[in-house]
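In case you want the letters, here they are:
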Amino acid sequence: ADLLIVTIDGPAGVGKSTMAKQLARHLSIPYLDTGAMFRSVAWKLGEGSWEWDEGRIQAELDTFEYALSGIGEDSVLSLNGTPIGNEIRTEEVGMWASNVATLPVVRSFLKKAQQDLGARFSLVAEGRDMGTVIFPDAPHKFFLDATVDERAHRRFKQLQAMNKPADLNELKEQIAKRDHQDRNRAVAPLKAADDATTIDTTDMNKEQVFVALKEGVACDT
Ligand code: C5P
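This structure is a prediction, so every number in the text was calculated from the model and none was measured.

## Comments concerning the overall build of the chain
- Of regular secondary structure, the chain possesses nine helices and eight strands.
- Taking the principal axes of its C-alpha atoms as reference, the chain extends roughly 45 × 45 × 30 Å.
- When the 221 residues of the chain are sorted by exposure, 39% land in the buried category.
- A separation of at least 24 residues holds for 77% of the contacts in the chain among residues at least 6 apart in sequence.

Listed below in structure tokens is the structure:
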């Protein structure tokens, strides 16, 4: 059967994962959280790893194998047989991830891992470069955006729900800093693909964003 790829890109805290899970459920396909892949690399390498030499990082990456199973919000991404857990879901690990995400050696390794998964599964793939670099031929591409204030608020509520302490003003600063680094890096910077549908979600609730995505996918097919 033909595989379907839907891409959702956008800045930190905009709600990509929530929407990707819901859309994937609607389409009965897995969702791929590529941010979790960068976060897991950062987590495994440890803080400061971006100062390592490329050869050492490459040797580490060569031992990494990702696997995907399940559908919609039940999708499970595993690294070397272990599901990636909530330990990577802090702004601190997000910043490490953004740091390692500037390294070409890490990007090219994960590019191949992501494209391999896309060759085997239909996917709602979310991240920063899904529509631009990883799946340029995807038939449906979305770019979600929102103000920094709104995104810090959403991330705050998300962290609270996971019982992780958070400070709203600190989050705002961290998110702004991470976005700046993600938008300005040399390789695969955060930006909308030319053929992506951009949705400013600042004044929309989850249901409204979901309807926009659902209708976007339906009317293109
Ligand atoms: O989406 P999430 O906040 O989990 O992503 C963590 C970091 O991983 C981002 O700030 C970004 O630097 C990096 N990333 C990336 N390309 C992707 C997904 C995430 O560079 N496709």
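## Looking at the environment of Phe121
- Within the secondary structure layout, Phe121 lies in the loop between α5 (104-120) and β6 (123-127).
- Spatially, the C-alpha atoms of Phe121 and Pro30 are 7.5 Å apart, while their sequence positions differ by 91 residues.

## As for the nonpolar core
- Within the largest apolar cluster, 44 residues are counted, with the highest numbers of intra-cluster contacts made by Ile8, Phe38, Ala42, Val100, Leu123, Val124 and Ala125.
- Sort the elements by how many residues they give to this core and helix α2 (residues 34-45) lands first, with seven residues.
- Setting aside chain neighbours within four positions, we find Ala125 in contact with Ile5, Thr7, Leu32, Thr34, Gln114, Gly118, Met130, Ile134 and Phe135.

## Let's talk about the site of the ligand
- Around the ligand sit 14 residues in total, of which Gly35, Phe38, Ser98, Ala101 and Gly127 are the nearest.
- At the level of secondary structure, the elements contributing two or more residues to the shell around the ligand comprise α2, α4 (91-100) and α8 (168-184).
- For the shell around the ligand, the element with the highest residue contribution is α2, accounting for four residues.
- Of the residues in the shell around the ligand, the class split is four nonpolar, five polar and five charged.

## Remarks on the sheet that holds strand β7 (residues 140-145)
- As summarised here, the arrangement of the five strands in space is β2-β6-β1-β7-β8, forming an open sheet in which the pairing is parallel. What marks the edges here is a single partner per strand, and that holds for β2 (31-33) and β8 (197-200). On average, each strand axis in the sheet is inclined to that of its neighbour by 20°, with strand direction left out of account.
- Both β2 and β6 contribute to a ladder of three bridges, which runs parallel. Opposite Leu32, over in β6, you have Ala125 as the bridge partner.

## Quick word on the pairing of strand β3 (residues 66-69)
- Pairing analysis gives four bridges linking β3 to strand β4 (residues 76-79), with the strands arranged antiparallel. Bridge pairing links Leu68 to Leu77 in β4.
- Two successive antiparallel strands, β3 and β4, enclose a turn made up of six residues, where Gly70 displays a positive phi of approximately 85°.

## Considerations on the sheet that holds β3
- Within the open sheet, the three strands sit side by side as β3-β4-β5. Their pairing is antiparallel. Whereas interior strands pair on both sides, the edge strands pair on one side only; in this sheet they are β3 and β5 (82-83).

## Description of the packing of α2 against α4
- In contact at an axis separation of 8 Å, α2 and α4 are set at 95° when each is read in the N-to-C sense. Our classification of the angle between α2 and α4 gives roughly perpendicular. Here Gly35, Phe38, Arg39, Val41, Ala42, Trp43 and Leu45 of α2 come into contact with α4, specifically with Val93, Gly94, Trp96, Ala97 and Val100.
- When its residues are assigned to classes, the contact of α2 with α4 shows nine nonpolar, two polar and one charged.

## A short note on the UniProt feature "binding site: ATP" (unreviewed entry) in the chain
- Mapped onto the present numbering, the UniProt feature "binding site: ATP" (unreviewed entry) falls at Gly10, Pro11, Ala12, Gly13, Val14, Gly15, Lys16, Ser17 and Thr18.
- Residue classification places Pro11 among the buried positions, given that 21 C-beta atoms sit within 10 Å.
- In contact with Pro11, not counting residues within four places along its chain, are Asp145, Arg151, Asp179 and Leu190.
- Relative to the helices and strands, Lys16 resides in helix α1 (residues 16-27).
- Beyond its immediate stretch of four places on either side in the chain, Lys16 contacts Ile8, Gly10, Glu126 and Leu144.

Conventions we followed
Residues numbered from 1 in each chain as written. Predicted model: local features only at pLDDT ≥ 70, side-chain atom pairs only at ≥ 80, totals over all residues. Helix = DSSP H or I, 4+ residues; strand = E, 2+ residues; numbered from the N terminus. Buried ≥ 20, exposed ≤ 12 C-beta atoms within 10 Å, placed from the backbone. Contact = placed C-beta atoms within 7 Å. Core = buried A, V, L, I, M, F, W, Y, C linked by C-beta atoms within 7 Å. Near = placed C-beta within 6 Å. Nonpolar A, V, L, I, M, F, W, Y, C, P; charged D, E, K, R; others polar. Pairing = 2+ DSSP bridges. Axes fitted to C-alpha atoms, helices over the stretch in contact; angles between N-to-C directions. Parallel < 35°, antiparallel > 145°, perpendicular 65-115°, else oblique. UniProt positions renumbered as here; feature names shortened; annotations may be inferred.

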